[in-house]
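# Summary of the model geometry
Chain by chain, the residues run as shown.
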Amino acid sequence: MSDYVKIFDTTLRDGEQALPASLTVKEKLQIALALERLGVDIIEAGFPVSSPGDFNSVRTIASEVKNAIVCGLSRAVDADIDACGEALGVAQQFRIHTFIATSDIHVNAKLRKSQDDIVEMAVAAVKRARRYTDDVEFSCEDAGRTHIDYLCRMVEAAINAGATTVNIPDTVGYTTPTEFGGIIKNLFNRVPNIDKATISVHCHNDLGLAVANSLAAAENGARQVECTVNGIGERAGNSSLEEIAMILKTREQLLGLSCGINSEEISRTSKLVSQLCNMPVQANKAIVGANAFSHSSGIHQDGVLKAQNTYEIMTPESVGINKNNLNLTSRSGRHVIKHRLLELGYKESDFDLETVYQSFLKLADKKGQVFDYDLEALLFFSQQKHEHAHYVLKYLHANSGKEIIPSATVTLQVGDEEFTESAIGNGPVDAAYNAIQRVLGHKEVEIVDFSLDSTGEGADSLAQVSVIAEYKGRRFHGIGLATDIVESGVKALIYVLNNTYLADQIDLQKQQVRIAGV
Ligand code: KIV
Ligand code: ZN
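Reference entry: report on the structure contained in this document. On a predicted model such as this, the values are computed, not experimentally measured, just so you know. (Residues numbered from 1 in each chain as written. Chains lettered and ligands numbered in written order. Predicted model: local features only at pLDDT ≥ 70, side-chain atom pairs only at ≥ 80, totals over all residues. Heavy atoms only, no water.)

## A few points about the pattern of salt bridges
Applying the stated criterion across every chain, the model contains 33 salt bridges. Among the salt bridges present, the one from Asp80 reaches Arg75, with a minimum N-O distance of 2.8 Å. Residue class for Arg75 comes out partly exposed when judged on its relative accessible area of 41%. In this structure, Asp149 and Arg190 form a salt bridge, with 2.7 Å as the shortest nitrogen-oxygen distance. You can see Asp149 sitting in helix H7 (residues 148-161) and its partner Arg190 sitting in helix H8 (residues 177-190), a full 41 residues away along the chain. (Salt bridge = Lys/Arg side-chain N within 4 Å of Asp/Glu carboxyl O. Buried < 20%, exposed > 50% of the residue type's maximum accessible area, 1.4 Å probe, protein only. Helix = DSSP H or I, 4+ residues; strand = E, 2+ residues; numbered from the N terminus.)

Structure representation (structure tokens):
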């Protein structure tokens, strides 16, 4: 019987804090629900005190997620812990995660306190968090560079104060597997009350060792691993969830360790996180990269055809990659589309069949054959639509070519009114954006990033545009999908505009509440 390792996912906290534009509440909830379905044990949903937006997201996730423990982060400060307690109180099961730095570098240069002060602050924080819940995690930030004697003292004090999980982060990704495994071993040998808590690890990937270090820790007794989908996170990122899960699954017999991840959900969750976070996954990334299960050399192809396990240590199906044998065209009916979506692992509650089917027909008319990746992209985009969009694209015409001045005409519905504007630009997308800016008048939205990707393989694949724009000092992310690059770019901008509109509405409501409260 294998020992169970808890998977603590911090995509929405450590991962999100490193994104160029923050996620909306709706996007965070979408990811949280995908993580719940993936089978993670704990979802770190955010850092409630850091902003009203984060507080709101943690609260929303706490009220929606039922099958995972929802967790919030706090410094060892009363206001942070209270914000966590308030945001998480609505959850069925929740955890407060409080932390303070313990390495000499952090204690002396950043916190400017004595080691005794730090122990005192940690103990007080854990005790305060215990007023809200019995499930309290304490982290020794920069544990990887903390003197082992002091680390033992901190861990013992935190457990005595009531911490039920103690996390040992390699905050700067500095340690090596033997060294990090040794730290965990030492803690088990030297801390007298260590059996009263779960020992967790949280490794960063600055030297590319995050997964190896987490694994070494688990081999030495750690029973919780903190990680993120696609390994996103501060700087070079965190330990990658899918790699940890598949190591435990593929090498369970060797390691004697297992986890509760439903591996067939991995591919879909990875794509969702990559798209919503605007963080592409490198093609050769283990488990979820586009090439992770493709064989290039003739010798390898020949081997795999004869026996799959010659060059495959796990199957693509085991991580949720299904091979399609249905030819989807405009002649395919609704039931075929539904059947294929269910086969791809979606549940009926994930999609509105009529909406997906109507976009499928439009795409099939343009492309002929629709592939799985097209269908998944359509489904994804049908989920991203704003319910009552303030800005709606009604008409778009763009002209470009060699030796003509690019121009575009756009009709935009803004609320109940329609406006048409034309403009020129240094390309058709720029011209369309200039036309939209004319419709917007004084509303200043500045594009800070524009990237183009394709969701498929051939020249007929769908163009996916990601846009990051700045509005009133905040960054907003939008994505658009179409067979046409200009249309896709315009859709991405309109998505951003609708998010800025929602943000304005929320600000307005807050002002009204404040005025009413005066
Ligand atoms: O890297 C780190 O030390 C952290 C802590 C807050 C756990 O993210
Ligand atoms: Zn971290």
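## Quick notes on the environment of Thr269
With respect to the helices, strands and loops of the structure, Thr269 is situated in helix H12 (residues 266-277). According to the relative accessible area criterion, Thr269 is buried, its value standing at 3%. For the pair Thr269 and Glu64, spaced 205 residues apart in sequence, the C-alpha separation works out to 18 Å.

## What to know about unusual backbone geometry
Positive phi is not limited to glycine here, since Arg112 has a value of about 50°. Summarising the element assignment, Arg112 is placed in the loop between helix H5 (104-111) and helix H6 (115-130). Overall, Arg112 belongs to the exposed group, its relative accessible area being 69%. A positive phi angle, near 65°, is found at Asn230, a position not held by glycine. Counting through the fold element by element, Asn230 comes out in the loop between strand S9 (224-227) and helix H10 (241-250). According to the relative accessible area criterion, Asn230 is buried, its value standing at 12%.

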